[in-house]
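If you want the building blocks of each chain, they are given just below.
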Amino acid sequence: MNSFVFPGNIESDILAISSLPIPYMRTSSFSSLVQDCERMLLHLIGCPNGRLIFYTASGTGAMDAVVTNYVSLKRKAFVVAGGSFGYRWKSLCNYYYVNADLYEVPFAKDIDYSDLEANISLSRPDVFLCQHHETSTGQMFNLKEISRICKKYHVSLVVDAISSFLADPLHMDDLGIDICITSSQKGLNIAPGLSFVILSQNVSSMRFASSSYYFGFKENLRNLQRGQTPYSPATTIFLQLHERLKRNVQIGIDGIISQVRERASYFRTLCEKYRWVVPSEVPSNCITGFFVNCNGDILFKELMDKEIYIMPGGTPNYFRVSHLGVQDKGDLLHLAEEISRIEQL
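Presented here is an overview of the structure given in this document. (Residues numbered from 1 in each chain as written. Predicted model: local features only at pLDDT ≥ 70, side-chain atom pairs only at ≥ 80, totals over all residues. Heavy atoms only, no water.)

1. As for the sheet that holds strand β9 (residues 179-183)
In step 1: Strand order in the open sheet made by the seven strands is β2-β10-β9-β8-β5-β3-β4, with mixed pairing throughout. If you trace the sheet from one side to the other, it starts and ends with β2 (51-56) and β4 (100-104), each paired once. Taking each pair of neighbouring strands and ignoring which way they run, the sheet shows an average axis angle of 15 degrees.
In step 2: As paired strands, β9 and strand β10 (residues 194-199) are joined by five bridges and run antiparallel to one another. Note on β10: the bridge partner recorded for Ser183 is Ser195. (Pairing = 2+ DSSP bridges. Helix = DSSP H or I, 4+ residues; strand = E, 2+ residues; numbered from the N terminus. Axes fitted to C-alpha atoms, helices over the stretch in contact; angles between N-to-C directions.)

Listed below in structure tokens is the structure:
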């Protein structure tokens, strides 16, 4: 199998961790492992003095937690929606009756930051919700510009970095981000099932809302003081996480991103060769979204029959290829050649 979806191909020794006997989690050794994971994750995301909450949940669970515990305390939120995950922020705000203005960005387009600032100056929100990389389109937003605007108007910045973490540069403290979220199955390239809420030092000690039971910040932070989660964690994924983080810290954030960037750049040269259009104005290293010329209706199945997996994009002839996980130029060249072959059917 050759996987260009999330989490992508995973090293056999990390996959093998899931076959080991599952340790009991209410022990000092597991507590030490959780605390070690927190320390390494905070280091990699550029927030060494923050706090990190682990959830056995998908990334949407982390988004839900942020809205119920933090955003719900604010008078008004401002949501950037450049695709399905941006609209998910708005859906969560609507579900929990949080007042939120919606700022829509066209498919695969960058934000007009002057227009964004004008809208922020009129809206005067308390909290700004956005994606660093809108996974549904491949478009990456400029967090430096967003941070500048938020600082100017004293708006708290919350960023979904689920698909940009370990693919694109991101330093929470330098950008003044109050809360970031990410998850296990993308840049961390392990099994899905864990999501993470990273709280900056500025907000980690504040009094949060208590409108969520399972996702409550207060109870999770209290338990994490002893290296535990309040409810049963995805123990085996924690073991995979710990091994992945040790390797990532050894490689270093710049080395990891450089590897992903190189793969993304190479595949985009193949897109140019085969005249596949990459619509994103500022693409993330994480994925390449592209339009094939023909036979998009059969492409997904034809590739699956060859045990090659890519992501459909919800738009005719539009597909996405992840550059995370274990892959090399040979894998990407083979993928491109197979797509080209299917176009000729």
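Past the structure itself, the notes keep going.
2. Things to note about the nonpolar core
In step 1: Counting 86 residues, the largest nonpolar core has Leu116, Phe128, Ile146 and Leu241 as its most contacted members.
In step 2: Counting residues per element, this core draws most heavily on helix α2 (residues 28-44), which supplies eight residues.
In step 3: Contact partners of Phe128, with chain neighbours within four places excluded, come to Phe78, Val80, Leu116, Ile120, Ile146, Cys150, Val155, Ser156, Leu157 and Val158.
In step 4: Counting residues in each nonpolar core, the second largest holds 20 residues, with Cys271, Tyr274, Leu299 and Ile310 among its members. (Core = buried A, V, L, I, M, F, W, Y, C linked by side-chain atoms within 4.5 Å. Buried < 20%, exposed > 50% of the residue type's maximum accessible area, 1.4 Å probe, protein only. Contact = heavy atoms within 4.5 Å.)

3. Observations regarding the packing of aromatic side chains
In step 1: A complete count under the given rule lists 18 aromatic pairs for this structure.
In step 2: Among the aromatic side chains, those forming a connected cluster through ring pairs are Tyr55, Tyr213, Tyr214, Phe215 and Tyr231. (Phe/Tyr/Trp six-rings, centres within 6.5 Å; stacked < 30°, edge-to-face > 60°.)

4. A few points about the sheet that holds strand β11 (residues 287-291)
In step 1: Strands sit in the order β11-β14-β13 across an open sheet of three strands; the sheet is antiparallel. For this open sheet the edge positions go to β11 and β13 (311-312), each flanked by a neighbour on one side alone.
In step 2: Bridging between β13 and strand β14 (residues 318-322) involves two bridges; their strand directions are antiparallel. Looking across to β14, one finds that Pro312 is bridged to Phe319.

5. Remarks on the pattern of salt bridges
Two side chains bearing opposite charge may form a pair once their charged atoms approach each other closely.
In step 1: This structure, assessed with the given rule, holds 17 salt bridges.
In step 2: As a salt-bridge pair, Arg39 and Asp36 come within 2.6 Å of each other at their nearest N and O atoms. Here Arg39 and its partner Asp36 are both found in helix α2, three residues apart, which amounts to about one turn of the helix.
In step 3: With relative accessibility at 23%, the residue Asp36 sits in the partly exposed group.
In step 4: Its salt-bridge partner being Lys329, residue Glu262 comes within 3.7 Å of it at the nearest N-O pair. Of the two residues, Glu262 sits in helix α10 (residues 253-273) while Lys329 sits in helix α12 (residues 329-343), which places them 67 residues apart along the sequence.
In step 5: Residue classification places Lys329 among the partly exposed residues on the basis of a relative accessible area of 41%. (Salt bridge = Lys/Arg side-chain N within 4 Å of Asp/Glu carboxyl O.)

6. Comments concerning the packing of helix α3 (residues 59-69) against helix α4 (residues 84-95)
Two quantities define a packed helix pair, namely the angle between the helix axes and the distance between the axes.
In step 1: Put simply, α3 and α4 touch, their axes get as near as 10 Å, and they point 45 degrees apart. Between α3 and α4, the interaxial angle falls into the category oblique. With respect to the hand of their crossing, α3 and α4 are arranged in right-handed fashion. Where α3 approaches α4, its residues Thr60, Met63, Asp64, Val66 and Val67 are matched on the opposing element by Phe85, Arg88, Trp89, Leu92 and Cys93.
In step 2: When its residues are assigned to classes, the contact of α3 with α4 shows seven nonpolar, one polar and two charged. (Parallel < 35°, antiparallel > 145°, perpendicular 65-115°, else oblique. Left-handed = near helix turned anticlockwise from the far one by under 90°. Nonpolar A, V, L, I, M, F, W, Y, C, P; charged D, E, K, R; others polar.)

7. Focus: unusual backbone geometry
In step 1: Along the chain, Phe6 connects to Pro7 via a cis peptide bond; the corresponding omega equals 5 degrees.
In step 2: Structurally, Pro7 is set in the loop between β1 (2-3) and α1 (12-16).
In step 3: Despite not being glycine, Tyr97 has its phi angle at roughly 60 degrees, a positive value.
In step 4: Within the secondary structure, Tyr97 sits in the loop between α4 and β4.
In step 5: Using a relative accessible area of 77% as the deciding quantity, one classes Tyr97 as exposed.
In step 6: Unusually for a residue other than glycine, Arg124 sits at a positive phi of about 50 degrees.

8. Here's the deal with the side chain of Ser340
In step 1: Looking at the element boundaries, Ser340 is found in helix α12.
In step 2: The contact partners of Ser340, leaving out residues within four places of it in the chain, are Tyr274 and Trp276.

9. Some words on α10
In step 1: With 21 residues, α10 extends 31 Å between its outermost C-alpha atoms, agreeing within 8% with the 30 Å of an ideal straight helix rising 1.5 Å per residue.
In step 2: Packed against the buried residues of α10 are α9 (235-251), β11, β14 and α12.
In step 3: One or two positions beyond α10, positive phi appears at Arg275, with a value near 60 degrees. (Expected span 1.5 Å × (residues − 1).)

10. Looking at helix α5 (residues 113-123)
In step 1: Of the positions making up α5, those classed as buried are Tyr113, Leu116, Glu117, Ile120 and Ser123. Looking straight down α5, one finds its buried side chains confined to an arc of 130 degrees; they lie on one side. More than 90 degrees from the buried face of α5, the exposed residues found are Ser114 and Leu122.
In step 2: Buried residues in α5 make contact with β3 (77-81), β4, β5 (127-131) and α6 (143-152). (Arc of directions from axis to C-beta.)

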